[in-house]
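Residue-level listing of the chains:
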Amino acid sequence: MLTIPSAIPIEIELECGTCGHRQAYQIPTPICPKCGSEWMDARYDYERVRRLWPDILQQRPFTMWRYRELLPLHNDEYQITMGEGGTPLLRTHNLSMMLGTPNLFIKDERQNPTNSFKDRQAALVISMLKEAGVTEMAVASTGNVAISYSAYSSHAGLKLWTFLPSLVPSEKMREIAIYGSEVVKVTSTYDETKKVAARFAKHKDILIDRGIRDIGTRESMKTLAIEVAEQLAAELGPPQPGIPWRTPDWYIQSVSGGLGPAGFWKGYQELYQMGMVNKLPKLALIQASGCAPMVHSYNKGLSEAEPVTNPNTRVITIATGAPGLAYSYLYKVIQQHGGIFEEVTDEETFRALHVLAKMEGLSMEAAAAAAFAGLFKLLSKGIIQRHETVVINCSGHTFPVEKYLLEEDWLKVVPPESEAPVIDTVAGIITSSSQKPASEDLLGALEQLDTHVRRIAVIEDNPEAARLLRRILQTRGEFQIDEAHTGKAGLKLIQRTRPDLILLDMMMPDMDGFAVLDQMKSDESLKDVPVIVITAKELTKEESRRLQGQIQMLLQKGSFMDDELLEGIKALLGEEKGG
Ligand SMILES: *Cc1c(COP(=O)(O)O)cnc(C)c1O
Ligand SMILES: [Zn+2]
């Protein structure tokens, strides 16, 4: 059996985030006896950990428990683990090329036991509760916390009551139920749901999860930061002699309650204090415009959040209307260290979801896609520079929908004599589907065959970029694509194939794009073929002037999204057809 080397006992203290009062560690997290603040932080003997780690870490597997000395669990016997954390830090080949961001990394938190980064939280919090002898608790959630806590509660033998707003998809509620947790659906917003859960817990005299105000939640999320620091150093090397690990320029995450970034920040603060890294990251926190209390409060310069009482977004996972303390904390961090709060529309989010699935093979839930939509926006605004090192948290898989999972239960309540109608219904579906005209699909296919296949020439000297363009085109249309990797070869190609459209790179060694254009325009049979220029560098005024009237569209490499390109192509081919 795999056992994680147990921790060398480390002293933990509590420190008030408001007045600095220090006291012995206790659970559940107390409020500060001096000033009443609900923000207490765990403090460790950092110098000692710094000395111990180089040897200890070598022997440990890559999971979140690797950093055991900085986690507030005393006895490893109580550790509840299902392999959470230790998720890969992915490089994004196609996306990086498309965006022009060579140092973009995805922390793939979908690869946790219940597919979201809430598993870090559940593992630590439930281990701590077990150590404290707690056997029953309640939690309010927009879905993923409840799923994760349910899985870990079942593992730990803890009784869990979950409270969810009614907009949470039924598949998620079903997932919670299958772990044996109680599911209470509250027909209101998440903020109201939290109040109902708190009242229930008080009435029943059981513990309620206090989210970001509990030590364990933030302490668990800081393992994200520590992993990233270690992984980035492995990818890019240490930043300077004597400093082993690395800090990204930016950490991007979609936020709801703000627990992830608060924990991430704490992790980097500790690493910085220990001399493990040489700087702190900037946080880019993304919210859905239909529920963006942090963004709006930040833009108004408020240090306390103005709640959103009527969230209006389909991205329910991140629809916290009243972020409370978390906002004030993150606001201060961003004020002092740089960073940004940004909002994205649901439309932008779902578009990003498709881009990531189609360009990188990463299928994620909308809440995670919102972070990517935020990345696109911050790049195009120039707030994030393309050369900067960016780590983006990809938490949450598109949820697997296993439709018949609950049918066992439904059949149990149906008396035996009603079996026949059930079968009838099934038969009915089969009949009706077999009555569907069989020719429908065939007709569709024949019609498709009949459409004229358009021919596109890609003239681009970087073969990888050419391949990317080909891929973008192939995912969306019936195009015949020819490639040439030099200007001269490109000219020959278009003279021979007479394409319907040309995608032209400007910077090529033997014969640049301008020369290709000049030649083309002096050829009667080619001069009207539409041209989309794709260029890596900013054009000078003179160069832009030369292109005027010669081309139909100009796209800056690294700043175009595939949709933009495809829309341009469709419009150009449509025009040409009509004219
Ligand atoms: C919980 C969650 C978030 C938001 O997390 P916070 O850091 O608590 O704001 C974002 N995306 C997904 C998929 C989540 O499950
Ligand atoms: Zn205090």
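Let us look at the structure shown here. Fair warning: this is a prediction, and the values are worked out from it, not measured in the lab.

Conventions adopted
Residues numbered from 1 in each chain as written. Chains lettered and ligands numbered in written order. Predicted model: local features only at pLDDT ≥ 70, side-chain atom pairs only at ≥ 80, totals over all residues. Heavy atoms only, no water. Helix = DSSP H or I, 4+ residues; strand = E, 2+ residues; numbered from the N terminus. Buried < 20%, exposed > 50% of the residue type's maximum accessible area, 1.4 Å probe, protein only. Contact = heavy atoms within 4.5 Å. Areas by Shrake-Rupley, 256 points an atom, 1.4 Å probe, with all protein chains shown as cover. Near = heavy atom within 4 Å. Polar contact = N/O pair within 3.5 Å; in protein donor to acceptor, adjacent residues only side chain to side chain. Nonpolar A, V, L, I, M, F, W, Y, C, P; charged D, E, K, R; others polar. Pairing = 2+ DSSP bridges. Donors = N, O, S within 2.8 Å, 3.2 Å for Na, K, Ca; no water. Tetrahedral: all angles 85-135°; square planar, octahedral: opposite > 155°, others 65-115°. Expected span 1.5 Å × (residues − 1). Axes fitted to C-alpha atoms, helices over the stretch in contact; angles between N-to-C directions. Parallel < 35°, antiparallel > 145°, perpendicular 65-115°, else oblique. Left-handed = near helix turned anticlockwise from the far one by under 90°. Phe/Tyr/Trp six-rings, centres within 6.5 Å; stacked < 30°, edge-to-face > 60°. Lys NZ or Arg CZ within 6 Å of the ring centre and 35° of its normal.

**Describing the overall build of the protein**
Point 1. Regarding its fold elements, the protein presents 20 helices and 18 strands.
Point 2. Of all 579 residues assigned to the protein, the portion counted as buried reaches 51%.
Point 3. For the protein, long-range pairs separated by at least 24 residues make up 69% of all intrachain contacts whose partners lie at least 6 apart in sequence.
Point 4. Within the structure as shown, the protein displays about 26,300 Å² of accessible surface, and the carbon and sulfur contribution to it stands at 52%.

**Thoughts on the site of ligand 1**
Point 1. As a matter of local geometry, ligand 1 sits amid 17 residues, with Lys-118, Asn-144, Ser-256, Gly-258 and Gly-260 nearest to it.
Point 2. The separation between an oxygen atom of ligand 1 and a polar side-chain atom of Asn-144 is 2.8 Å.
Point 3. Gly-257 places a polar main-chain atom, nitrogen or oxygen, 3.1 Å from an oxygen atom of ligand 1.
Point 4. At the level of elements, strand E10 (250-254) and helix H8 (259-273) are the ones that each hand at least two residues to the shell around ligand 1.
Point 5. Looking at the shell around ligand 1 element by element, the count peaks at three residues for H8.
Point 6. Looking at the shell around ligand 1 residue by residue, the class counts come to six nonpolar, nine polar and two charged.

**Notes on the pairing of strand E1 (residues 12-16)**
Point 1. Burial analysis of E1 places four of its five residues in the buried class, the great majority of the element.
Point 2. The sheet contact formed by E1 and strand E3 (residues 40-44) spans five bridges and is antiparallel. Note on E3: the bridge partner recorded for Glu-13 is Arg-43.
Point 3. Strand direction decides the pairing type here: E1 and strand E2 (residues 22-24), joined by three bridges, are antiparallel. Its bridge partner being in E2, Glu-15 is matched across the sheet by Arg-22.
Point 4. In sequence, E1 turns back onto E2 through a hairpin of five residues, with Gly-20 there showing a positive phi of about 85 degrees.

**Considering the coordination of the zinc ion (ligand 2)**
Point 1. Binding of the zinc ion (ligand 2) to the protein goes through Cys-16 (SG), Cys-19 (SG), Cys-32 (SG) and Cys-35 (SG), at separations of 2.3 Å.
Point 2. One can describe the donor arrangement at the zinc ion (ligand 2) as tetrahedral, given that its four donor atoms subtend angles of 104 to 114 degrees at the metal.
Point 3. When its relative accessible area of 2% is taken as the criterion, Cys-16 is described as buried.
Point 4. Accessibility expressed as a relative area gives 41% for Cys-19, which makes it partly exposed.

**Describing helix H12 (residues 366-380)**
Point 1. If you check H12, its first and last C-alpha atoms are 21 Å apart, about what 15 residues at 1.5 Å a residue would give, namely 21 Å.
Point 2. Taking burial as the measure, the 15 residues of H12 include 13 buried ones, the bulk of the element.
Point 3. Taken from the residues just after H12, Gly-382 is the one with a positive phi, measuring 80 degrees.

**Quick notes on the packing of H8 against helix H10 (residues 325-337)**
Point 1. Running from N to C, H8 and H10 cross one another at 50 degrees; their axes reach a closest spacing of 10 Å. Taken as axis vectors, H8 and H10 run oblique relative to one another. As for the relative orientation of H8 and H10, their crossing is left-handed in sense. Contacts from Pro-261, Ala-262, Trp-265 and Gln-269 of H8 reach H10 at Tyr-329, Leu-330, Val-333 and His-337.
Point 2. The residue inventory of the contact of H8 with H10, partitioned by class, reads six nonpolar, two polar and no charged.

**Digging into the pairing of strand E18 (residues 553-556)**
Point 1. Residues Met-553 and Leu-555 point to one face of E18 and are all buried, whereas Leu-554 and Gln-556, pointing to the other face, are not buried.
Point 2. Across four bridges, strand E17 (residues 531-535) lies against E18 in parallel orientation. Each bridged residue has a counterpart across the sheet, and for Thr-535 the counterpart in E18 is Gln-556.

**Side note on the sheet that holds strand E9 (residues 207-208)**
Backbone-to-backbone hydrogen bonds pair the strands of a sheet. The strands run either parallel or antiparallel.
Point 1. As summarised here, the arrangement of the four strands in space is E8-E7-E6-E9, forming an open sheet in which the pairing is parallel. Only two strands of the sheet have a single partner each, and these edge strands are strand E8 (182-186) and E9.
Point 2. Against the sheet, helix H4 (residues 144-156) engages strand E6 (136-140) and strand E7 (159-165), with an angle of about 170 degrees to E7.
Point 3. Its contacts with the sheet place helix H6 (residues 190-204) against E6, E7, E8 and E9, and it is angled at close to 150 degrees to E7.

**Brief notes about H10**
Working note: α-helix, 3.6 residues per turn, so residues spaced by three or four point in the same direction.
Point 1. Helix length check: H10, at 13 residues, gives a terminal C-alpha distance of 18 Å against a target of 18 Å (1.5 Å per residue), a fit within 8%.
Point 2. Within the span of H10, buried status applies to Ala-326, Tyr-327, Tyr-329, Leu-330, Tyr-331, Val-333 and Ile-334.
Point 3. Backbone geometry just after H10 places Gly-338 at a positive phi near 85 degrees.

**Let's talk about the packing of aromatic side chains**
Point 1. Inspection of the entire model under this criterion finds 13 aromatic pairs.
Point 2. Aromatic pair Tyr-67 and Trp-245: ring centres 6.3 Å apart, planes at 80 degrees, arrangement edge-to-face. Note that Tyr-67 is positioned in the loop between helix H1 (46-58) and strand E4 (89-91) and Trp-245 in the loop between helix H7 (215-236) and E10, a separation of 178 residues in sequence. Side by side, Tyr-67 and Trp-245 carry an identical accessibility label, which is buried.
Point 3. Between Trp-161 and Phe-200, the ring centres sit 4.8 Å apart and the planes meet at 50 degrees, which makes this aromatic pair tilted. Placement of Trp-161 in strand E7 and of Phe-200 in helix H6 is noted, with a sequence separation of 39 residues between them.
Point 4. Taken together, the ring pairs connect Tyr-298, Tyr-327, Tyr-331 and Phe-341 into an aromatic cluster.
Point 5. The ring centre of Phe-350 lies 5.5 Å from the NZ or CZ of Arg-314, which sits over that ring.

None of this, on its own, says anything about what the molecule does.
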